[in-house]
Amino acid sequence: MEMTMDNNRAVAAATEGAPGEGSVGEVLDGWKAVCPLEAIPVLGARVVASRHGDIAIFRTVDDEVFAIHDKCPHKGGPLSQGIVHGREVTCPLHGWKLQLDSGEAVAPDVGCSRPFAVRLVDGVVELKV
Amino acid sequence: MKKMKLVLVGNGMAGIRTIEELLKLAPDMYDITVFGAEPHGNYNRILLSPVLAGEMTLPEIMLNDLDWYRDNGITLHAGKTVTAIDRIRRKVVAQGDDGEVIEADYDRLLLATGSTPFIPPIPGKDLQGVLGYRDIADTEAMIEAAGRYRHAVVIGAGLLGLEAANGLMLRGMDVTVVHIGEWIMERQLDRAAADMLQASLEARGMKFLLAKQTEALLARDTGDDGGDGGRRVSAVRFKDGMEIQADLVVVAAGIRPNFALAESAGLYCGSGRVRGIHVSDTLQTVTDPRIYAVGECVAHRGVAYGLVAPLFEQGKVCANHLANFGIGRYEGSVTSTKLKVTGIDVFSAGDFSGGGDTEEIVLHDRQGGVYKRLVIRDNRIVGSVLYGDTADGTWYFQLMKDGQDIHEIRDHLMFGQNHLGDTGHKGENRAASMPDTAEVCGCNGVCKGTIVKAIKEQGLFSLDEVKKHTKAASSCGSCTGLVEQILASTVGGAYQAVSAHDKAVCGCTDLSHGEVRKAIRDNRLLTIPDAMAFMGWKTPNGCATCRPALNYYLISTWPHEAQDDPQSRFINERAHANIQKDGTYSVVPRMLGGLTTPDELRRIADVADKYAVPTVKVTGGQRIDLLGVKREDLPLVWKDLGMASGHAYGKSIRTVKTCVGAEHCRFGTQRSMAMGVDLERMLFGMWSPHKVKLAVSGCPRNCAESGIKDVGVIGVDSGWELYVGGNGGIKTEVAQFLCKVATREEVMEYSAAFLQLYRDEGYYLERTVHYLHRVGLEYVKKRVVDDADNRKALYERLLFSVQDYKDPWAQRAEDSSAGVLRRQFETLEA
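Reading the values: rules and limits
- Residues numbered from 1 in each chain as written.
- Chains lettered and ligands numbered in written order.
- Predicted model: local features only at pLDDT ≥ 70, side-chain atom pairs only at ≥ 80, totals over all residues.
- Helix = DSSP H or I, 4+ residues; strand = E, 2+ residues; numbered from the N terminus.
- Domains from an automatic or database assignment.
- Pairing = 2+ DSSP bridges.
- Axes fitted to C-alpha atoms, helices over the stretch in contact; angles between N-to-C directions.
- Contact = placed C-beta atoms within 7 Å.
- Parallel < 35°, antiparallel > 145°, perpendicular 65-115°, else oblique.
- Left-handed = near helix turned anticlockwise from the far one by under 90°.
- Nonpolar A, V, L, I, M, F, W, Y, C, P; charged D, E, K, R; others polar.
- Buried ≥ 20, exposed ≤ 12 C-beta atoms within 10 Å, placed from the backbone.
- Core = buried A, V, L, I, M, F, W, Y, C linked by C-beta atoms within 7 Å.
- Expected span 1.5 Å × (residues − 1).
- Arc of directions from axis to C-beta.

> Describe the overall build of chain B, and please don't skip the residues or the numbers.
Along the backbone of chain B there are 25 helices and 39 strands. Projected onto its principal axes, the C-alpha coordinates of chain B cover approximately 105 × 70 × 50 Å.

> Describe the overall build of chain A, with residues and values.
Looking only at helices and strands, chain A has one helix and ten strands in total. Overall, chain A shows an N-to-C arrangement of helices and strands of α-β-β-β-β-β-β-β-β-β-β.

> Which residues make up the domain arrangement of chain B, and what values do they have?
The domains assigned to chain B are domain 1 (4-115 + 256-322), domain 2 (130-253), domain 3 (345-413), domain 4 (431-494), domain 5 (513-569) and domain 6 (652-806). One C-alpha centre belongs to domain 2 of chain B, the other to domain 4 of chain B, and the line joining them spans 35 Å.

> With reference to specific residues and values, describe the sheet that holds strand β7 (residues 91-96) of chain B.
All names here are of chain B. A sheet is described by the order of its strands in space; here three strands give the open sequence β6-β7-β8, paired in antiparallel fashion. One side of each edge strand has no neighbouring strand; the edge strands of this open sheet are β6 (80-86) and β8 (101-105). When the angles between neighbouring strand axes are averaged without regard to direction, this sheet yields 25 degrees. As paired elements, β6 and β7 share six bridges and run antiparallel to each other. The residue of β7 that forms the bridge with T81 is Q95.

> Just give me the short version of the environment of K610 of chain B, but keep the residues and values in it.
Take K610 of chain B: it is sitting in helix α18 (residues 598-610). Along the chain, K610 of chain B and V637 of chain B lie 27 residues apart, while their C-alpha atoms are 9.0 Å from each other.

> Account for the interface of chain A and chain B, with residues named and values stated.
Taken residue by residue, the interface counts 31 residues in chain A and 21 residues in chain B. Contributing elements (two or more residues each) for the side of chain A that touches chain B: β1 (31-36), β2 (44-50) and β5 (83-85) of chain A. For the side of chain A that touches chain B, the leading source of residues is β2 of chain A, giving six residues. Judged from the three bridges that link them, β2 of chain A and strand β39 (residues 827-829) of chain B form a sheet pairing that is parallel. Residue pairing across strands places V48 of chain A opposite L828 of chain B, the latter belonging to β39 of chain B.

> Before we move on, can you summarise the packing of helix α21 (residues 744-761) of chain B against helix α23 (residues 777-786) of chain B with the specific residues and values?
Residues and elements named next belong to chain B. Where α21 contacts α23, the axes come no closer than 10 Å and their chain directions differ by 130 degrees. In terms of their interaxial angle, α21 and α23 are classed as oblique. As α21 packs across α23, the resulting crossing turns out to be right-handed. Residues Y750, A753, F754 and L757 of α21 touch α23, and the partners they reach there are V780, R783 and V784. Looking at side-chain class alone, the contact of α21 with α23 contains six nonpolar, no polar and one charged residues.

> Can you explain the environment of A644 of chain B? Please cite residues and give values.
Residue and element names in this part refer to chain B. For A644, the position within the fold is in the loop between α19 (634-641) and β34 (653-658). Sequence separation between A644 and V362 is 282 residues; the distance between their C-alpha atoms is 57 Å. Among residues more than four places away in sequence, those in contact with A644 are P589, R590, D807, W809 and A810.

> Help me get a handle on unusual backbone geometry, residues and values and all.
A cis geometry characterises the amide bond from A107 of chain A onward to P108 of chain A, with omega recorded as 5 degrees. For P108 of chain A, the location among the structural elements is in the loop between β7 (97-99) and β8 (115-116). Positive phi is not limited to glycine here, since N324 of chain B has a value of about 65 degrees. With respect to the helices and strands, N324 of chain B occurs in the loop between α8 (308-322) and β23 (336-338). When the 10 C-beta atoms within 10 Å are taken as the criterion, N324 of chain B is described as exposed. At H647 of chain B, a residue that is not glycine, the phi angle is positive and equals roughly 50 degrees. You can see H647 of chain B is positioned in the loop between α19 and β34.

> Give me the lowdown on the nonpolar core, citing residues and values where you can.
All names here are of chain B. Counting 128 residues, the largest nonpolar core has V154, V249, V250, I277, A293 and V483 as the members making the most contacts within it. No other element matches α8, which puts eight residues into this core. Counting 59 residues, the second largest nonpolar core, distinct from the first, contains A549, Y771, V784 and Y795.

> Before we move on, can you summarise helix α16 (residues 546-557) of chain B with the specific residues and values?
End to end, α16 of chain B covers 16 Å across twelve residues, agreeing with the expected 16 Å (1.5 Å per residue, within 8%). In terms of burial, α16 of chain B is largely enclosed, as ten of its twelve residues are buried. Residues C546, R547, P548, A549, L550, N551, Y552, Y553, L554 and S556 of chain B constitute the buried set of α16 of chain B. In this structure, the buried residues of α16 of chain B make contact with β5 of chain A together with α14 (513-522), α15 (528-535) and α21 of chain B.

> Lay out helix α24 (residues 788-802) of chain B in plain terms, naming residues and giving numbers.
One turn of an α-helix holds 3.6 residues; hence residues three or four places apart share an orientation. All names here are of chain B. Taking 1.5 Å of rise per residue, 15 residues should cover 21 Å, and α24 covers 22 Å from first to last C-alpha, within 8% of that figure. Turning to α24, its buried residues are R791, L794, Y795 and L798. Along the long axis of α24, the arc covered by the buried residues comes to 100 degrees, so they all point the same way. Facing away from the buried surface of α24 by more than 90 degrees, the exposed residues are D789, K792 and F800. On the buried face of α24, the contacting elements are α21 and α23. Following α24 by one or two positions, D804 adopts a phi angle in the positive range, close to 65 degrees.

> With reference to specific residues and values, describe the sheet that holds strand β1 (residues 4-9) of chain B.
Residue and element names in this part refer to chain B. With parallel pairing, the five strands of this open sheet are ordered in space as β5-β2-β1-β9-β21. In this open sheet, the two edge strands, each paired with only one partner strand, are β5 (75-78) and β21 (291-293). Averaged over all neighbouring strand pairs, the angle between strand axes comes to 15 degrees, with direction disregarded. Both β1 and strand β2 (residues 30-36) contribute to a ladder of six bridges, which runs parallel. When the sheet's bridge partners are listed, L8 is paired in β2 with V34.

> Describe the pairing of strand β36 (residues 711-716) of chain B, naming the residues involved and giving the relevant values.
All names here are of chain B. For β36, the buried fraction is high: five of the six residues fall into the buried class. The sheet contact formed by strand β35 (residues 692-697) and β36 spans four bridges and is parallel. Note on β36: the bridge partner recorded for S697 is I714. For β36 and strand β37 (residues 719-724), the ladder comprises six bridges, and the chain directions are antiparallel. Bridging across to β37, G712 finds its partner in Y723.

This is the structure in structure tokens:
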């Protein structure tokens with residue numbers, strides 16, 4: 001993920017002393033703090049409303065976070081409501097599997113849900129929108 | 001870490017299938033080198049017959065083209081025959097047609113050298129125009145001969161011989177099949193079926209000479225050698241002196257395991273009757289544990305298999321050990337046979353010789369061209385022969401493999417698996433008679449032609465693969481039987497129905513549902529991570545198939561102790577509402593026994609107005625459904641409703657439907673509404689392998705439809721009748737009579753005991769009807785009706801499981817804003 005030193009400091013400043021969902025706000029370069037990591041269940045997801053539509057943010061068992069458009073390429077199912085396993089999510093509507101890092105469907109299905117840049121800074125999940 | 005070296009000798013179906021299984025388990029463990037005597041990639045040998053018959057082409061039967069080897073980093077030496085194995089220096093030596101010598105070192109060696117046609121030692125066997133039938137070269141030689149010559153003789157009327165004869169006949173040759181036995185395919189068919197098959201092949205122009213022993217193959221006397229540059233066969237002479245003309249002789253007198261290489265390397269290959277590379281249950285050669293062997297070259301527990309299906313089973317186990325997992329064991333296969341001659345259906349499996357302590361059920365319609373014979377011992381099918389109508393072959397085979405007691409279905413066994421109640425494909429239950437354009441899977445709109453095409457082009461062999469690639473049978477599953485039939489008729493003997501009993505839960509484990517349940521019970525496993533670690537799960541945290549199953553097994557086996565994991569539940573059970581196609585939810589409040597009040601109705605109406613609920617509908621289970629509620633509104637809707645969750649979304653107790661009963665009805669004999677309310681209240685909070693629906697009717701008119709419910713109760717003047725295992729869904733199944741009881745308390749106790757037995761023993765997503773089919777009604781009666789102590793224990797166990805269950809709607813509605821229970825319904829901003 002692209003990240004400069006300046007950016008890093010700005011993020012740290014923005015979140016310092018005020019963790020928690022109430023403190024989220026805008027920072028430099030289009031990165032936005034969304035929520036603390038704890039607000040996403042392990043092997044779960046949350047929905048973030050954005051100007052691009054709903055984005056699903058996932059948390060794996062190793063506390064990695066991924067973000068993809070909350071819409072299955074098959075029939076538009078809300079991926080955020082699916083079951084998360086490894087680095088994949090299974091869509092709740094018809095069971096398509098999508099890779100969380102690329103948004104690509106797992107073969108033999110073919111399709112893609114748009115991925116978004118997301119990062120974890122001092123326990124806060126930030127999304128580039 | 002330096003990779004180990006794996007060398008495969010034999011680039012055929014068994015060897016490559018093993019490599020494919022290995023790559024799935026441990027893609028980076030080995031540097032793999034493959035030697036194959038034929039100059040091709042791996043192809044589907046069983047489809048050579050359709051190629052010979054002109055129904056398919058060679059490119060269509062390739063399973064792994066050269067790109068596949070390259071993409072997987074496998075070194076392929078095609079057209080190179082391995083001539084020696086040096087077990088001390090651990091290397092193999094191979095020689096190409098051009099004399100080039102190649103050596104390869106190995107840490108593990110896999111032998112899959114297959115088999116060779118058995119050519120009896122008769123004079124003339126080395127003449128031009130005398131062939132075995134084994135590989136692409138043989139097939140091409142036959143096609144070539146068919147274009148130049150007229151008279152073909154096939155020696156041997158087994159499966160392969162008849163397929164060769166059929167292919168040559170379709171290519172315009174005059175074909176005579178010679179057989180030493182009294183009837184054709186005597187190893188696969190009994191006389192009656194064989195006679196019908198012979199008559200049908202004769203009607204197509206094939207000629208037969210039975211009980212004939214070949215004495216010699218005679219060469220042509222004329223100078224015309226057909227351009228072959230040598231002496232060509234011209235006739236076949238039999239021991240009785242008879243001679244027939246032959247320009248081409250195909251010898252299909254059986255196959256012999258190809259173990260010469262292994263034997264020359266000092267590997268034990270048996271002596272006497274059972275020859276072949278001797279292997280253990282882990283597919284390691286009994287002589288050298290570094291060397292594995294699979295396929296037709298192998299003798300396992302005294303059996304050498306000549307069909308494809310067992311080879312796949314061997315490959316799976318072998319790959320498991322090569323990957324150092326070490327948990328699979330190959331314990332032998334039960335095989336079935338199907339003849340791949342278009343338009344002729346023959347199926348056989350098991351031991352159909354009959355006699356002794358066996359019984360037989362036979363249906364023989366000579367004019368109609370149908371013959372079915374089932375051989376039964378101790379109420380179990382041990383063999384079957386079908387001719388003309390083989391649609392139920394896979395079902396009989398399954399019953400045989402599972403060793404299922406058939407005495408309860410004996411009276412209609414012969415008429416096949418009853419698909420009559422199936423919905424979604426116009427009642428069609430004979431795949432063979434369906435045109436390619438017919439829709440097989442009504443859920444996903446998949447036609448027969450699409451399935452056949454995928455099977456052929458993608459080289460699919462199992463139901464799971466077909467489901468994945470075509471989506472057929474992957475939704476409601478009602479067309480599974482049809483898809484299996486299509487698979488069986490397309491790939492023939494390579495298809496092996498997976499027994500539901502020992503089928504793995506999913507790709508994350510090799511263990512079956514039964515084994516997983518047992519491990520959780522025997523080892524007191526309480527969390528999903530513990531269970532996965534203990535059972536050696538292959539994936540870090542499972543998948544959407546196994547996690548919900550594990551979660552259910554944990555909480556049902558260890559109530560109040562095991563941790564319920566919301567993230568391992570399907571969204572409906574996590575959101576406590578049913579997800580709809582547009583991502584909104586449906587809300588169904590609990591109305592015990594289908595009873596409600598004016599006050600509740602007013603609140604429902606107010607909620608529908610306030611949250612602009614687009615659709616309000618009465619359900620089939622006598623409830624009211626609010627459809628189109630937004631995720632964010634769910635906790636607010638629940639709070640305003642002030643009613644308990646109806647669990648219309650769960651693998652759980654759904655509804656108890658009731659008729660009016662003796663409270664009002666002039667025909668009523670029992671108070672069905674009160675009974676329904678009591679049952680539903682008792683079961684509130686009961687999670688189960690699948691959804692559970694009950695009904696209580698107050699008299700035998702049965703207005704609550706108790707006959708198609710998991711537990712159906714029917715009031716009669718002298719008490720209550722209990723029925724179990726009914727189903728009104730995909731396939732209409734009438735509930736079976738369990739027992740009659742006298743009192744309300746008994747209804748509660750017996751119903752709960754039956755459901756607890758199902759909760760304890762059912763497999764996840766197995767409805768009560770399927771559970772009953774698996775274990776049998778007799779077993780359930782024994783545990784629930786006859787054994788009073790056990791019944792009471794089951795009853796107590798159910799009450800304990802649901803004790804202190806909190807209504808999930810109330811919990812979430814009352815959870816403080818942004819609380820853990822509430823947060824999943826809220827949307828963040830960015």
